[in-house]
Each structure stands twice: as C-alpha cells, then as structure tokens.
Amino acid sequence: VLTGGAFGGNRGVRPVPPEKGVFPLDHLHECDLEKKDYLACLKSTGAQSEKCRMFSKKYLECRMGRNLMAKQDMSELGFSDADVVVTPSEEKHKLQSPASDSKERK
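The rules behind the values
Residues numbered from 1 in each chain as written. Predicted model: local features only at pLDDT ≥ 70, side-chain atom pairs only at ≥ 80, totals over all residues. Heavy atoms only, no water. Axes fitted to C-alpha atoms, helices over the stretch in contact; angles between N-to-C directions. Helix = DSSP H or I, 4+ residues; strand = E, 2+ residues; numbered from the N terminus. Parallel < 35°, antiparallel > 145°, perpendicular 65-115°, else oblique. Left-handed = near helix turned anticlockwise from the far one by under 90°. Contact = heavy atoms within 4.5 Å. Nonpolar A, V, L, I, M, F, W, Y, C, P; charged D, E, K, R; others polar. UniProt positions renumbered as here; feature names shortened; annotations may be inferred. Disulfide = S-S within 2.5 Å. Buried < 20%, exposed > 50% of the residue type's maximum accessible area, 1.4 Å probe, protein only. Polar contact = N/O pair within 3.5 Å; in protein donor to acceptor, adjacent residues only side chain to side chain. Expected span 1.5 Å × (residues − 1).

Chemist: What exactly am I supposed to notice about the packing of helix α1 (residues 32-44) against helix α2 (residues 53-65) here?
Modeler: Between two packed helices, what matters for the description is the angle formed by their axes and the separation of those axes. It is the contact of α1 with α2, at a shortest axis distance of 9 Å, that shows an interaxial angle of 160°. On the basis of their axis angle, the class for α1 and α2 is roughly antiparallel. Crossing handedness for the pair α1 and α2: left-handed. Each of Glu34, Lys35, Asp37, Tyr38 and Cys41 in α1 lies in contact with α2, whose residues at this interface are Phe55, Ser56, Lys58, Tyr59 and Cys62. In the contact of α1 with α2, the residues fall into 5 nonpolar, 1 polar and 4 charged.

Structure, rendered in structure tokens:
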C-alpha cells in the first residue's frame, strides 16, 4: 500500500482541475499594467482585497478582452454595476472638467 508521494501527497489520486478551467499565462505581458496596479493596491492596503475591487475588475476585463480567459458577465465573477472602474486618466479628466469648475464658482 502506497501512503504518500515524494512530497507527502497521495499517489494515485487524480488531481482535480480548477473550476474555471484553463487560465493561460500572459506571455506577451498584455495586462501587466492592470496586474501591477492590482498588486500595488493589495500591498498598500495590507492585502485588503475589498479595497482593490476596481483594480481586480480592470485586470479581469483586460484578460477577457485579450482572450486570456473566457468571457463572462462580471456579475458572475462577483462584481455589480456599482463596481465602476475609473482609470487614472478618467479621474484626472473629471477633476479638470469645465462642468466641475462652473459648479464650484456658484
């Protein structure tokens, strides 16, 4: 009777694939910026993933857009319409928009 593998695992037990299936690596680094933003957020928040949901969503959207993972509705991945992703360039535009200037002057 074999009780353990080379690293303490059970021999003869077939590994179970991940639920979502294949998750190809990003060999061409197409989503590196999104990945780095997400990881930097995790680091700066002490790994509090809830505070980094917008970065997580952006990363998954990047992977789906480049066929690095199966396209799915974001609600199936735990996101709602309230989880709006605002890129830094969009945020800068919002801060400098003429509409916000006119509201501040009133």
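Still to come is the rest of the account.
Chemist: Explain the UniProt feature "domain: CHCH" (unreviewed entry) in the chain to me, please; I cannot follow it from the model alone.
Modeler: Feature annotation in UniProt places "domain: CHCH" (unreviewed entry) on residues 31-64, given in this structure's numbering. Secondary structure content for residues 31-64 is 74% helix and 0% strand, while the C-alpha to C-alpha distance between its ends is 10 Å.

Chemist: What exactly am I supposed to notice about the environment of Pro24 here?
Modeler: Counting through the fold element by element, Pro24 comes out in the segment before α1. Taking the C-alpha atoms as reference, Pro24 lies 9.0 Å from Asn67; in sequence the two are 43 residues apart. Every residue in contact with Pro24, bar those within four places of it in the chain, is listed here: Arg63 and Leu68.

Chemist: Explain the state of the cysteines here, please?
Modeler: Note on terminology: a disulfide is the covalent bond linking the sulfur atoms of two cysteines. Overall, the coordinates contain 2 disulfides when judged by the stated rule. Bridging Cys31 to Cys62, the disulfide has an S-S length of 2.0 Å. Every disulfide takes its handedness from the sign of the S-S torsion; for Cys31 and Cys62 that torsion is -95°, giving left-handed. One end of the pair, Cys31, is in the segment before α1; the other, Cys62, is in helix α2, with 31 residues separating them in the sequence. Of the two residues, Cys31 and Cys62, both sit in the buried class.

Chemist: What is the right way to look at the side chain of Thr45 in this model?
Modeler: Structurally, Thr45 can be placed in the loop between α1 and α2. Classification of Thr45 as buried rests on a relative accessible area of 17%. There is a polar contact of 2.9 Å between the side chain of Thr45 and the backbone oxygen of Cys41. Dropping the residues within four chain positions of it, Thr45 is found in contact with Lys51 and Cys52.

Chemist: Which parts of the structure should I look at to understand α1?
Modeler: With 13 residues, α1 should cover 18 Å at 1.5 Å per step; its first-to-last C-alpha distance of 18 Å lies within 8% of that length. Considered for burial, the residues of α1 that qualify are Asp32, Glu34, Cys41 and Leu42. Contacts made by the buried residues of α1 are with α2. Just downstream of α1 lies Gly46, where phi reads positive at about 70°.

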